[in-house]
Structure formats: structure tokens, C-alpha cells
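# Fold and contact review
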Amino acid sequence: MQTYLLSQQFGDSFLAENSTACPANATICDGTSCVLPEDNFNATLSVVLSTVLTIMLALVMFSMGCNVEIKNFLCHLKRPWGIFVGFLCQFGIMPLTAFLLSLAFNILPIQAVVVLIMGCCPGGTASNIIAYWVDGDMDLSISMTTCSTLLAMGMMPLCLFIYTKMWTDSDAIVLPYDSIGLSLVALVVPVSFGIFVNHKWPSKAKIILKVGSIVGAVLIVLIAVVGGILYKGSWIISPKLWIIGTIFPAAGYSLGFLLARIAGLSWHRCRTVSLETGMQNTQLCSTIVQLSFTPEQLELMFTFPLIYSIFQLLFALLILGGYRLYRRHRVKTKTDVEKTEQKEDSKSNAKINGGFVSNETK
């Protein structure tokens, strides 16, 4: 609900003549200010944008599926070592990190609960897009996202039961199983079509993948901007939650990479596990929070999922930028080494062939 002073809406002279006047649609009026029903423009805009973004996301996941080969995907399911490591990161490291951060910053119980809900959420689909850009294992990335979303049906209640005991009754938290199910369907169906296209028409799949990866990158930024516009009225939040929202995704990326490396995974799979660990399904977290708490409680922590999504995106872009610089430097270094070796080989051959050296090697 929004409060408007009559002096702003009708003018001071009108107030002087009739101090008890209120707009016809006012719900509460004390003669000096009126409480009007909440403008449902944001709600309508949210529904429209959510529909558009869902369709775009499905198309992007279809394009990501075009980079997955059936035999490699099935191999991850038959020998799920990488998926198991991701499972430990997703439902072991993240909830524990959320718990420790809540204790370390001594935040309010209701705020600690939302941090824990974020830590218990499955991986988000944005990780698949970033994994593609950092040359990660797309088969592992998609299988991890799928499995974590499926396992969230049981692991989220278990983790929340374990970690929220000291702050609230876990029964008070409403888990939207229908939303989790929809997330799973929205992931599995388009990816399955993408895998089929890649199997039948691999040349066309490459074109779809290139277009989809660019659209996906734009979509991630668009979601962050739209979230900021829709929830601009909720930006007054505890500084401690801002700090936690900054540290939490960075810790997820770092610890996920470290555990994957300790487990003996290859570098490109370590990058994949890192992204799958740090990038959470923030939309699911927002849904759980809205279903579980009163409007008064929401004021204290509703924006935290948005803060987390912004910083998880910023850190992911830093990882992407760092990897691209590293790869460019490594390619240049390799090229220089190969040229040097070619010159040395040519000169050594020249000694054998009567001292002739071609102009290309001088």
C-alpha cells in the first residue's frame, strides 16, 4: 500500500477548505494522509515479463542441449562421480556456508532463515550458459542442474530441518514442490529436444548453439535488470545482508572448485562444478520466501535473493573474464613456443642439408 499526502495530491488550499477529503478509493484516511490500494502495475508487469523470460529461457536451454551428446550424458549418469561431487557441493557446502555466515554476522533469525533457504536451493540454469562460455563440461553441467533440481525435492526439507532448528520451526517454511517440478520440466524438456537435434542434425545444432549462447548471456543480464526494477521499493535492507550476499556466492564458487580439484576432476570439470555450486536458483528462493512469511517479515529480507543473484552474476562474469584472458595468453604462448621449435628444427635440418635455411625461418 502506498501513502500519499493530500497536500501533494489536491493542494494546500483544498486542504484548508476541507481537511477530511480523501480520494474515493482510499482505504484509510485520518484527514492528513490517505492509504490507497497498492498499484497492481508491478504485479501485471511481473507476470508479463515472467512469461516472456520463461519462454526465452526455454529456448536458451534448447540451444544448450544442442551441445550435449547422448553418449557423454549417459556416461555421466552411469559413472556419476562428477555428479556426486556436485551433490556434495550443492547440498553439503552451500547450506553449511549459509549457516556459518548467519552465525558469524549474528543476523536476525528471520534473516538467517532466508540465507539458509538460499543455501539449500538447487543450482540455477544460468550456470549452464556461463559453463559454455568458460569451456566447461556441458554434459556434466546439465546433468548436475537436472539432478540437483530433482534431488531438491528431498534434500531441501532435510537441510532446512537440520540448519534452521535454532532460528525457527522448519514446518513454518513452505516448499513449493510444484515450482520445483516446473523448474525441472522447464529444464529437461527443452534440453531433451536440443540433444535430439544435435544427434540428428549436428551442423544445424552448432548454429543454434552459437545463437542461443549469445541470447543466454543477454538474458542473464536482462533478468538482473528486470529484478532491480520490479523490486526497487525493497532496497532498504540490513548492511549485514548486503555483505553476506557478496561473500556467499564467492565462497560457493571457490569451495566448489577446491572440492572438485581435491576429488581429482579435470580443470574444465572443476570450472563446471564451481559454477554449479555458486549459481543458485534465486527465483525458487524468492517463491519460498513469499509463501512462508508475512508482509512485515518480508520487509526485513525479501531483497536478499535479488542481492545474491546480482553478485553471483558479477563474480561469474569475473570468472569468465579471467578465463578468457588466461586462454588468450596461453594460446599466444603456445604459438610462440611452436614457432621457436619450428625455427630450431629448420636450422638443425639446414645443417644436415648443406647449410640451406629458407627465408621463412630467418
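Residues numbered from 1 in each chain as written. Predicted model: local features only at pLDDT ≥ 70, side-chain atom pairs only at ≥ 80, totals over all residues. Heavy atoms only, no water.

## Here we look at the UniProt feature "transmembrane region" (unreviewed entry) in the protein chain
Note the threshold: UniProt positions are given in the numbering used here, feature names are shortened, and annotations may be inferred rather than shown by experiment. In this description a helix means any DSSP run of H or I spanning at least four residues, a strand means any run of E spanning at least two, and both kinds are numbered starting from the N terminus.
UniProt marks residues 43–63, 83–105, 112–134, 140–163, 175–195, 207–229, 241–263 and 306–326 with the feature "transmembrane region" (unreviewed entry), using the numbering shown here. Helix makes up 100% of residues 140–163 and strand 0%. Its end C-alpha atoms lie 29 Å apart.

## What about the packing of helix 5 (residues 81–105) against helix 6 (residues 109–120)?
To be explicit about the condition: A fitted line through C-alpha atoms represents every axis, and for helices the fit uses only the stretch in contact; the resulting angles, taken between N-to-C directions, go from 0 to 180 degrees. Note that the term roughly parallel is reserved for angles under 35 degrees, roughly antiparallel for angles over 145, roughly perpendicular for angles of 65 to 115, and oblique for everything else. Note on convention: near helix rotated counterclockwise from far helix by under a right angle means a left-handed crossing. Clockwise means right-handed. When checking whether two residues touch, look at their non-hydrogen atoms; a contact exists if any pair is within 4.5 Å. Under this grouping Gly is polar, as are all residues other than the nonpolar Ala, Val, Leu, Ile, Met, Phe, Trp, Tyr, Cys and Pro and the charged Asp, Glu, Lys and Arg.
For the pair helix 5 and helix 6, the least separation of the axes is 8 Å and the interaxial angle reads 165 degrees. Taken together, the axes of helix 5 and helix 6 lie roughly antiparallel to each other. When you trace helix 5 past helix 6, the crossing you get is right-handed. Across the interface between the two elements, Gln90, Phe91, Met94, Pro95, Ala98, Phe99 and Ser102 from helix 5 touch Ala112, Val115, Leu116, Gly119 and Cys120 from helix 6. Grouping the amino acids of the contact of helix 5 with helix 6 by side-chain chemistry returns nine nonpolar, three polar and no charged.

## Overview of the nonpolar core
Buried together is how nonpolar side chains tend to be arranged in soluble globular proteins. Put simply, the rule reads: Nonpolar cores were defined as sets of buried Ala, Val, Leu, Ile, Met, Phe, Trp, Tyr and Cys residues, with membership established by side-chain atoms within 4.5 Å. Working definition: with a 1.4 Å probe on protein chains only, accessible area under 20% of the residue-type maximum means buried, over 50% means exposed, and in between means partly exposed.
In terms of nonpolar packing, the biggest core is built from 42 residues, with Val115, Ile117, Met156, Phe248 and Val289 touching the most fellow members. Contributing elements (two or more residues each) for this core: helix 5, helix 6, helix 8 (138–163), helix 11 (239–262), helix 13 (282–292), helix 14 (295–301) and helix 15 (304–352). The greatest single-element share of this core, amounting to nine residues, is contributed by helix 6. By size, the runner-up hydrophobic cluster in this structure holds 26 residues, among which are Val60, Val134, Met279 and Tyr323.

## As for the packing of helix 5 against helix 8
Where helix 5 meets helix 8, the closest approach of the two axes is 9 Å, and the angle between their N-to-C directions is 40 degrees. In this view, helix 5 runs oblique relative to helix 8, as classed from their interaxial angle. Helix 8 is crossed by helix 5, and the crossing has right-handed handedness. The segment helix 5 lies against helix 8, with Gly82, Ile83, Gly86, Phe87, Gln90, Phe91, Pro95, Leu96 and Phe99 engaging Leu140, Ser143, Met144, Cys147, Ser148, Leu151, Ala152, Met155, Cys159 and Tyr163. The residue inventory of the contact of helix 5 with helix 8, partitioned by class, reads 14 nonpolar, five polar and no charged.

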